[in-house]
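# An overview of the molecular structure
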Amino acid sequence: MIKLNVNGEAHSVDVDADMPLLWVIRDELHLSGTKFGCGIGACGACTVLVDGQLRRSCMLPVGAAAGTAITTIEGISTDRSHPVQQAWVAESVPQCGYCQSGMILAAISLLRQNPHPTDADIDTAMTNLCRCGTYNRVRKAIHRAAGSSTA
Amino acid sequence: MPMILMEELAGNWDRLVVKDAPAAAIYDNPVFHQQSTVGSFSVRGWYTELRRIGAAAREMLLTAAATDWGVPVRECSASNSIITHTPSGRSRSFGSVAAQAAELPIPQQPELKSNADFRLIGTSPKRVDLAGKVDGSARYGIDIALPNMLYAAIKRCPTLSGRLKSMDDTAARRMPGFHTTVPLPDGVMVVARSYWHARKALAQVRTEYELGKLAGVDSPKISQIMREAFNGPSAVARSEGDAPAALAASTHTMEAVYEVPYLAHACMEPMNCTVRIDDTGCDVWCGTQAPQGAQHAAAAVLGIPAARVRIHTTFLGGGFGRRGEADFVTQAAAAAKAAGRPVKLIWTREEDIQHDFYRPAAAIRFRAGFDRDGKIAAFESNVVTSSTPTRMAAGPSFYTSGIADSNYADAIPNFRVTGVDANIGVRFGFWRSVNDSHNPFMLEGFIDEIARHLKRDPYQLRRSLLQHPSGRRQLAVLDLAAEKAGWHAPRPGHSLGIAALAAFGSYIGTVADISMKGSQITLHRVVTAVDCGVAVEPDNIQAQLEGGMVYGLTAALRGEITIANGAVQQSNFTDYRVMTMAEMPLFESYIVPSTAPPGGIGEPGTAPIAPALANAIYAATGKRVRSLPLSRHGLTFSVERASA
Ligand code: FES
Ligand code: FES
C-alpha cells in the first residue's frame, strides 16, 4: 500500500511502486483531468504539482511521490475561480483542450515563482506542447492572470 | 454551429445545452452526406440547413403562442427564448408553448433573417465547452471508465506492411494483472487489469513478423519513385489550350521540382477507444470525426448489424483528419471480444507516430513558358502523390486541388495539370488541409520563382494573375495581407514573403516578415487576411487561423516522417518535434467582411505559411527552398519577442 495525498485528500493505493503517478491518478483515483500525451516527459499534458513543484507525472514513479502533497487540475479550485482559470476563460484559450490542464498548472507554478513574468520568462517556463496552437492565448492569459493577482 | 440555429430560433444563448450526436444518418452533413467532421465542412455544410431548422422551430413556437392567445401570428415576435405579443405587451417563454408547437406541421419554407438582422452570427458569445476544459472535467475518449473494465495496450510491427508470423506470450502470462493476449494481423494487444499492467506485460510478448512489400523501402527510394513518376503515365486533371505546344513555342521556359515528406498528425490525445459488448450489441466510446466509420468498424469485428453499435462521441484531443479513421475502434472491439469484458485500448505515443495514416509525401514538376512580352504563355504541373481522396472514394482528381482549380489559371492561356497517384504502400490519410498542405507551398513557390525570373515584384505578379472575376476574392485577401504587413515598406533589414490561395471555400493571404543572419531565420510576425464568407464566430475564426498556422509552420520548420526498411523512424515528441511556446510568432489576422455563404476555416490557415516563409527566405537570401522541412536546408529558426 502506498499512501498519497492528492488535492488534500489521503489515499492508499495498492499498486507497484514503479507505476507512474500519472496512471495512479487517472486509473486508481479516477481523476481524469491529468492527461497522457507522450509518457516520456516531453509534452507536459500530465503536469501536476508535487509539494508545490511542477512535475510531469508520467515520469514520476508513484513510490517516489509517497508522502508528498499532490495537486492536480481538479485541486486548484472547486468552482473554476482560480485567477489562472478565470484568465483562461476570459481569453478563450482552449481549443481541443487536451493540453490545457497541464498548461494551467504550469502557468500557476510560473506565477507563484514570478508574479509578473515577461514574454521571455513565459517562453522559458512554458514548455508544454499544444498541437492546436493556443500559445499566444496562453501567453495573454498568463499576463492577464498576472495583472489580476497584482495586489 | 449552435449559433446558426440559435440565431434563427431567437433562443437564449445562456440556456444552450450542447450534446454529442450518436451515429445516425439524420446528422449527415448536407453537402457530402456523411456524418463526419472533416474538410472544414461543418459550418459551410450546415449553415443553411441549421438556419432553416431554427427558423421553422421559431415559426412553430410563434404560431402556437398566437393560437393560444387568439391573436394573429404577425403580431408576435421572438427574442431570447421569449415570445411577445407586441400590441398587448404580453409575453411568455418558448417552453410554455413547446408542447403545442411540436404538434404543428413543420414549415417547409420558413422565412430566414436577412444578414443585417443577425444578432448572434458575427459575434463571439460565451463558449459552452470552456468550463470543462479549464477544470479538467471535460471527458475525452481516454477518460472513459466503466465498471468491470480492463485495459489494452498495443504494439504493431514497425514495418508498415508487416504481418504477424508468430508470437510467444509465455512470459507475459506470468505478469501480474495479465488477462488476455489478442493477436492482430499486424501486431499484438495485451489486456490486463490496469493500463500499466497491460504495458508491462506487452513488453514481455515476443513476436516475429513477415515484413511484407515495404521491407527495404526507405525515404530516398520513395523520393526516387515519385520523381521517376514524372516521366510515366499521368491523368489529366485540367487542360486549357495546348500547354505542351505553347511550351515548345515559348521564347524561354522554366522548370522546377518541389517535394515534401510524409507527416504524422500527432494529436495530443493518443488514439484510444473503449468498447463494451452485451446481448443487444455494443457500445463504443471514442473521440471520432466519423461516428459512422467507427460504427461500421466495430460492427465488422463483431459480425453484427451497424445499427446495433451505439457510438458515444466524446471530446477529442485533436483530430486533424487522424480521427476520421477507425483502426483503433477495430482493435478495441477485438480486444473487448477476446476479453469478454469492457476494454479501453490506449495507444502509446510511439504507436501513434509509427502507425499513423500519414500526410502523403508529394512532388510536383512545374514548367512555365513565356512569350516575347514576358507573359506566362504556358503552365504545366504534374502532381505526384498518394491520393487520400481516391482512397476514400471521394474523387480521383481532388489531389490536384489548389493547382487544377487555381485562380491564376484564367490568366494563363495554356494551362495543364496532370496527376499521378503513386502507389507507394505507406499508409496515408487526410491531414489538416489535405492537398493544400503541399500544393500551395509548391505553386506559390514556383509563382514566386516566375516573378523573380521576370524581375517583377511577387505581389504585383500575383495581382496581375487575378484580374478576372474568379480572382476577385483571392485578390482582396492578397491586397489586405500585403497592406497590413507593409509590403511596400518593410522595416530595415526585414524581408517579406507572400502567398495567397483559395481553399475549402475560403480565401487566404499571408505575409511572413523575417530577417536572416547567416542560416538563422528570425520570424518577426505573420500577417494573415481571410475571406471566409459570413464570419459566423470571429473569435473562433481567429483561433483556427492561428492554430492552423502553427500546424503548418511546425510542418514547414521540421515536420518529417522518414522511412527506413518500411518503418517510421520517428517515435515521440523528441524526434517528431512540434512547435513550442518559445517558437510562437506574433500573429495578426484580418477578416474581410462578406455576406457570401460561409467557407471552411479549420484548414485554410494551415496552407499559406510554408510558401510565405519560403518566399521570404528567398527575398532575404536569394536561396530558393523547394522542399520541406526547412531544417533539411540547414536553416534554424527563432521568433521576435517584443521586450516587455
Ligand atoms: S505525458 Fe507526461 S510529459 Fe507527456
Ligand atoms: S488545445 Fe488542443 S492540444 Fe492544446
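As the structure is a computational prediction, the values presented were derived from the model and not from experiment. (Residues numbered from 1 in each chain as written. Chains lettered and ligands numbered in written order. Predicted model: local features only at pLDDT ≥ 70, side-chain atom pairs only at ≥ 80, totals over all residues. Heavy atoms only, no water.)

Turning our attention to the overall build of chain B. For chain B, the helix and strand inventory stands at 17 helices and 24 strands. Rg of the C-alpha trace for chain B: 27 Å, near the compact-globule value of 26 Å for 644 residues, within the 12% margin. A buried classification covers 60% of the 644 residues belonging to chain B. For chain B, restricting intrachain contacts to residue pairs at least 6 apart in sequence, the fraction spanning at least 24 positions comes to 75%. Of the roughly 24,600 Å² that chain B leaves accessible, carbon and sulfur atoms contribute 52%. The centroid of the 65 positive side-chain charges in chain B is displaced by 3 Å from the centroid of its 60 negative side-chain charges. (Helix = DSSP H or I, 4+ residues; strand = E, 2+ residues; numbered from the N terminus. Rg over C-alpha atoms; globule rule 2.2 N^0.38 Å. Buried < 20%, exposed > 50% of the residue type's maximum accessible area, 1.4 Å probe, protein only. Contact = heavy atoms within 4.5 Å. Areas by Shrake-Rupley, 256 points an atom, 1.4 Å probe, with all protein chains shown as cover. Lys, Arg positive; Asp, Glu negative; His and termini not counted. Charge placed at Lys NZ, Arg CZ, Asp CG, Glu CD.)

Our next topic: the interface of chain A and chain B. Listed as interface residues are 47 residues of chain A and, on the opposing side, 61 residues of chain B. Interface of chain A and chain B: buried area, both sides summed, is about 4,500 Å²; carbon and sulfur atoms make up 57% of it. Looking at the side of chain A facing chain B, the largest losses of area belong to Tyr98, Arg131 and Tyr135 of chain A, adding up to 19% of the total buried there. Between chain A and chain B we count seven salt bridges in total. Between aspartate 135 of chain B and arginine 80 of chain A there is a salt bridge whose closest N-O contact spans 2.7 Å. Applying the counting rule to chain A against chain B returns 23 residue pairs in polar contact (both at pLDDT 80 or more). For the side of chain A that touches chain B, the elements supplying multiple residues, two or more each, are helix H1 (21-28), helix H3 (83-90), helix H4 (100-113), helix H5 (119-125) and helix H6 (135-148) of chain A. Broken down by element, the residue count for the side of chain A that touches chain B peaks at five residues, all from H6 of chain A. Here the side of chain A that touches chain B is built from residues that sort into 22 nonpolar, twelve polar and 13 charged. (Buried area = accessible area lost by both parts, 1.4 Å probe. Salt bridge = Lys/Arg side-chain N within 4 Å of Asp/Glu carboxyl O. Polar contact = N/O pair within 3.5 Å; in protein donor to acceptor, adjacent residues only side chain to side chain. Nonpolar A, V, L, I, M, F, W, Y, C, P; charged D, E, K, R; others polar.)

A separate point is the environment of alanine 556 of chain B. Residues and elements named next belong to chain B. One can find alanine 556 in helix H16 (residues 538-558). Alanine 556 gets classed as buried once you look at its relative accessible area, which sits at 1%. Taking the C-alpha atoms as reference points, alanine 556 and proline 629, separated by 73 residues in sequence, lie 4.9 Å from one another. Contacts of alanine 556, omitting those with residues within four sequence positions, involve Ala610, Leu628, Pro629 and Leu630.

In this section: the confidence of the model for chain B. Segments scoring low in pLDDT should not have their predicted coordinates read at a detailed level. Per-chain confidence: chain B averages 94 in pLDDT, with 98% of residues scoring 70 or above. Here the predicted complex scores 0.95 on pTM and 0.97 on ipTM. (pLDDT = per-residue confidence, 0-100.)

Taken as a whole, this structure holds 16 aromatic pairs over all chains when the rule is applied. Seen from their ring centres, tyrosine 98 of chain A and tyrosine 140 of chain B are 5.3 Å apart, and the 85° between their planes marks the pair as edge-to-face. Remark: tyrosine 140 of chain B occurs in the loop between helix H4 (130-134) and strand S4 (150-156) and tyrosine 98 of chain A occurs in the loop between H3 and H4; the pair is interchain, linking two chains. On the basis of relative accessibility, which here comes to 1%, the residue tyrosine 140 of chain B falls in the buried class. Against the face of phenylalanine 41 of chain B rests arginine 44 of chain B, its NZ or CZ located 3.9 Å from the ring centre. (Phe/Tyr/Trp six-rings, centres within 6.5 Å; stacked < 30°, edge-to-face > 60°. Lys NZ or Arg CZ within 6 Å of the ring centre and 35° of its normal.)

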